[in-house]
Structure formats: C-alpha cells, structure tokens
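Architecture at a glance
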Number of protein chains: 2
Amino acid sequence: MSEGKRDTDSATGQSPDGLLPRLLETISSGHFAPGQRISESELARQLGVSRGPIREALGRLEGRVVERRPNLGVRLIEMDREKLEELFRVREALEGMAARLAAENSTNTDLQRLTGLLEQHERVIQGDAQGGYLQGIGDEDFHVSIVSASGCGTLKRILMDEVYFQLRLHRRRSGTQPGRARAALSEHRAIVDALYARNPERAEIAMREHLRSARFSALGALEE
Amino acid sequence: MSEGKRDTDSATGQSPDGLLPRLLETISSGHFAPGQRISESELARQLGVSRGPIREALGRLEGRVVERRPNLGVRLIEMDREKLEELFRVREALEGMAARLAAENSTNTDLQRLTGLLEQHERVIQGDAQGGYLQGIGDEDFHVSIVSASGCGTLKRILMDEVYFQLRLHRRRSGTQPGRARAALSEHRAIVDALYARNPERAEIAMREHLRSARFSALGALEE
DNA sequence: AATTACATTACTGTCAACAGTTTTGAGAAA
DNA sequence: TTTCTCAAAACTGTTGACAGTAATGTAATT
C-alpha cells in the first residue's frame, strides 16, 4: 500500500476509540431501512455507550452516510440512480488525477503490489478463486493502492471518506453485471501498463475510461 | 447561483443552529496559532455554550480544518506548501469535471450570471472597483457558480466542504501574486467561452489550465 | 364510522458533573 | 543554578439528567 508519506490511515474518523467502525457496521448491517429514522438512544443502547459519543460519530457521517434534520434526527441517505452516477463522476475526476500522479510518484514496491493484485484478479476469473480477491473487495484494493501510490494524502482522504465509503454501503444491496470482472481486468492492465511506462497522460485517460465503464455497469445493474 | 436541483446549501455542516459558522469565525480570526492546542472549554466559554455542541462541531471539522489526537485535543491544521499543492491538485480534478458537466447542463441563467461576474472582474482590474468583486471573494464566486451550474450536488458539496473551505482559511494569511488578477480574467473568459459553445472537452481543459496557473501563483506567493 | 382535539409519549438538543489522562509548577536534591 | 520528583491543576472523554419539540394514541364530536 505504498509507504510514502504518513498516510493518516484516513477512513471517516479515526479519533478516539473504535466506535465509528462499530457504528457503521451496525448501521449498514441492514437493521435500518434506507429512509427510516435512526434513533440515537437505540444506537446507544445497542452499542453500549451513552448518547454523547453516538451524536459525535453521527455528526461525522453527516452529509455522507446520514442526513440530519433539526429536531427530527438522522436518516440513512438513500442511494438513488442520480446519486450513484454523481459518485462515479467524482471518482472519475479524482482517481484520474490519482493515476496521473501515481505515474509520476509511485515506487517500485507500489508497482509490484499492483502487479500482484492483477494476478489475484486473474485467478479469480479463471475459476480457482483460492481466496483474497473477492469481487468488490479486491477491486477496491486495486483502486486504493493506486490512490496511495499517488502520494497525495488529501486526494486519498477525500476518496476514502466521501466516495469509497458510500459505494461500499451501496454494494451491500446491489450485485454486479455478469461479464464485468473480465472487462475490468483488462482495463486494470491498461492502467498498470501506463504506470510502468511512467506516462501520466495515458494513466489518467486509462483510469477515466475504466471508471466510465464501471459507471455504466453499476447503473445498468441498478435496474434489475 | 443556478437554480438547478436542490442544492443542500452545503457548507460544512448545516445541522442544528448557526453554531458552526460562529465557531469557524472564532477559530479563523487568528486568535489561535496554526499548530497550537485549542481548548474546548475556552471555545465553549467564548461562544457561550456548553462543551457538548463544541465537541460535535469540532468533530465535524476533523481532518479538514482541525486535527484531533486522543486525549490531547484538537489543533488547527497548518497549511504548508505540500498541503496547498495537494488542494490545488484536487481542485483541478474536481473543477475540471465540473466545467465539463456545466458545458452539458448549465442553463441560460447560469451563463448570464457568469458573464456578469466576468464584467465585474474586468471593472476591478480597470481600477473603478465600485464594489462586489473583491479579489478572492469574487474569484470564489466565479468558481462556485460553475460548480453549481454543473448540476452535480455531490461535486459541489465535496468542493465546498473540503477544498474552498481550507483555501479560504489560507487566504487570510497569504496575499496574491501581482499580475494574477489580469491573467485570471482571460483564463476565466476562455472557460466561459467553452461553456457557451457547449464544448465539454474544451471547458474541462480550460478549467484545468486555469487552475494549474492558479496553483503556480499560489505556491509562488507562499515564499515571500 | 370518520374526524378532530388533546394529552401522553418519545426523542433531540443541551448542560453540568465525574473519571482518567496529560500538563504544569513547586520543592527537594545534586 | 540546574535537574529530578511528585503533587496540583487543567483538560479530554463520557455519563446521566433536564428542557423543548415532534410524533402517537385516545377520547370526544360530527
């Protein structure tokens, strides 16, 4: 995962203890319907803490995962077609830049790691999915690795906090298009090729094309 | 400012009352040095509320404006050369996409507004700064208008919360390069031209070039 | 039976107080 | 005078309680 910079392990909130991850797990476990009110007391009881920390954690998720309205509490943001498309547009912009920077800044270790992920991906497609590269998880690993290799902490933080996060929540409810994994692999290869060639322009273009395809696929999978 | 979509007025937090703006005003007034510890009790006293709401508000600023370390409290994030460069890279990516989308989606009202801002900008340069377009503020207006005209709420929210916000904080301490306003004007014109032509590709390129120049200017102004 | 008015309930926003940790500062030793 | 020790002070993290507001359910009326 690159060892450049200090990589504040990002992820929406790393403050005091590990409450936020548990809260997210609880929220996204499906206990709560997409538009339904989420009771702070309920969460507090369920996680065994007082309402104070819960309120802080929810506040940190505001706008991203949760919507708060005065005196009415918070509700899970619902992921409609429009929001999903917007997320992919933001991804295209940010990860395109990440690929560009990675072509300039990535270390050899970064590139080796990416090659390894490509091989895992290939094994999954050829059936002997001996582990690791679960579709979705593995794909995210690939993209996170590139973003890390870009050496731009701000870019990474925003992508983690704002984009990947919501997409992960969405993936829980939605499947993937059938032949997608195979197409994705060759697109991933094109990106890594450009990185090895140290060609920023080509890396950015390859990444943006890849994410445009991913957008179409995700939107297509939405109408099942 | 465009009237497309619902434009959750964005800006880092709009939850309960207007505490967050006041807190920001207090923080960024210069009372606190960039790396210095910020006392919650102190802020609470100064703003006339209890520590609870202060903690929530600070949590919402975590990672953007403020850095929190367990049991040690929060500190103003300091804007060094690297962070400033990263912010402009993110801007280039996101606003490039915004310009592209604006070329496709902007309404006539949006375009008229942009033309108006260009004229204000011109008047400022020609000396009779009769009001409105203060350098910095006016420039931000221009960019926010384009982002709004893109019709992409997510893009707008991220730019507002993550990017403009920190840049505004930085502008308080740093000046601008001398001839910058004039160069910026012609770059702005190129962008608006592309929007009128409904040419997404050209709009994105123009915006990215503009922000690359702005990056050089800002970094140059940093070593005074 | 359907509808409106009203009292009860539940929940959010806020506060003051407590426990644990870090920092500060005074006093003793070198 | 400088350095080390240790107790006091300050601050963060968390809790339970209180005030005000929205939702709920019951009873009376049409």
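The sections below set out a description of the structure shown in this document. (Residues numbered from 1 in each chain as written. Chains lettered and ligands numbered in written order. Predicted model: local features only at pLDDT ≥ 70, side-chain atom pairs only at ≥ 80, totals over all residues. Heavy atoms only, no water.)

1. Topic: the protein's contact with DNA strand D
Near DNA strand D lie 18 residues; those nearest to it are S50 and L72 of chain A together with R51, R55 and N71 of chain B. If you look at DNA strand D and keep only atoms within 4 Å of the protein, 70% of those are sugar or phosphate atoms. Between DNA strand D and the protein, one listed contact pairs a phosphate oxygen with a backbone N or O atom of E40 of chain B at 3.5 Å. Every element with two or more residues in the surface near DNA strand D is listed here: α3 (51–61) of chain A together with β1 (37–38), α2 (40–47) and α3 (51–61) of chain B. Counted by class, the surface near DNA strand D contains five nonpolar, seven polar and six charged residues. (Near = heavy atom within 4 Å. Polar contact = N/O pair within 3.5 Å; in protein donor to acceptor, adjacent residues only side chain to side chain. Helix = DSSP H or I, 4+ residues; strand = E, 2+ residues; numbered from the N terminus. Nonpolar A, V, L, I, M, F, W, Y, C, P; charged D, E, K, R; others polar.)

2. Topic: helix α1 (residues 19–31) of chain A
Residues and elements named next belong to chain A. An ideal rise of 1.5 Å per residue puts 18 Å on 13 residues; α1 measures up with 18 Å between its terminal C-alpha atoms. Residues of α1 that are buried include every one of L19, L20, L23, L24, T26, I27 and S28, and no others. Packed against the buried residues of α1 are α2 (40–47), α3, β3 (73–76) and α7 (153–171). (Expected span 1.5 Å × (residues − 1). Buried < 20%, exposed > 50% of the residue type's maximum accessible area, 1.4 Å probe, protein only. Contact = heavy atoms within 4.5 Å.)

3. So, the sheet that holds β3 of chain A
Residues and elements named next belong to chain A. Spatial strand order, β1-β3-β2: three strands in an open sheet with antiparallel pairing. Unpaired on one side and paired on the other, β1 (37–38) and β2 (66–69) mark the two borders of the sheet. Where β1 meets β3, two bridges bridge the pair, whose relative direction is antiparallel. The residue of β3 that forms the bridge with I38 is V74. (Pairing = 2+ DSSP bridges.)

4. Section: the interface of chain B and chain A
Counting from both sides, the interface comprises 36 residues of chain B and, opposite them, 36 residues of chain A. Each partner contributes to the roughly 3,100 Å² buried at the junction of chain B and chain A, and carbon and sulfur atoms together form 50% of this total. The largest per-residue losses of area from chain B upon contact with chain A belong to E56, E86 and M97 of chain B, which jointly make up 16% of the total buried on that side. Inspection of the chain B/chain A interface yields 10 salt bridges. The residue R60 of chain A makes a salt bridge to E62 of chain B at a minimum N-O spacing of 3.7 Å. The tally of links from chain B across to chain A stands at 10 residue pairs in polar contact (both at pLDDT 80 or more). Broken down by secondary-structure element, the contributors of at least two residues to the side of chain B that touches chain A are α3, α4 (81–105), α7 (153–171) and α9 (200–222) of chain B. With 12 residues, the single largest contributor to the side of chain B that touches chain A is α4 of chain B. Of the residues belonging to the side of chain B that touches chain A, the class tally is 11 nonpolar, eight polar and 17 charged. (Buried area = accessible area lost by both parts, 1.4 Å probe. Salt bridge = Lys/Arg side-chain N within 4 Å of Asp/Glu carboxyl O.)

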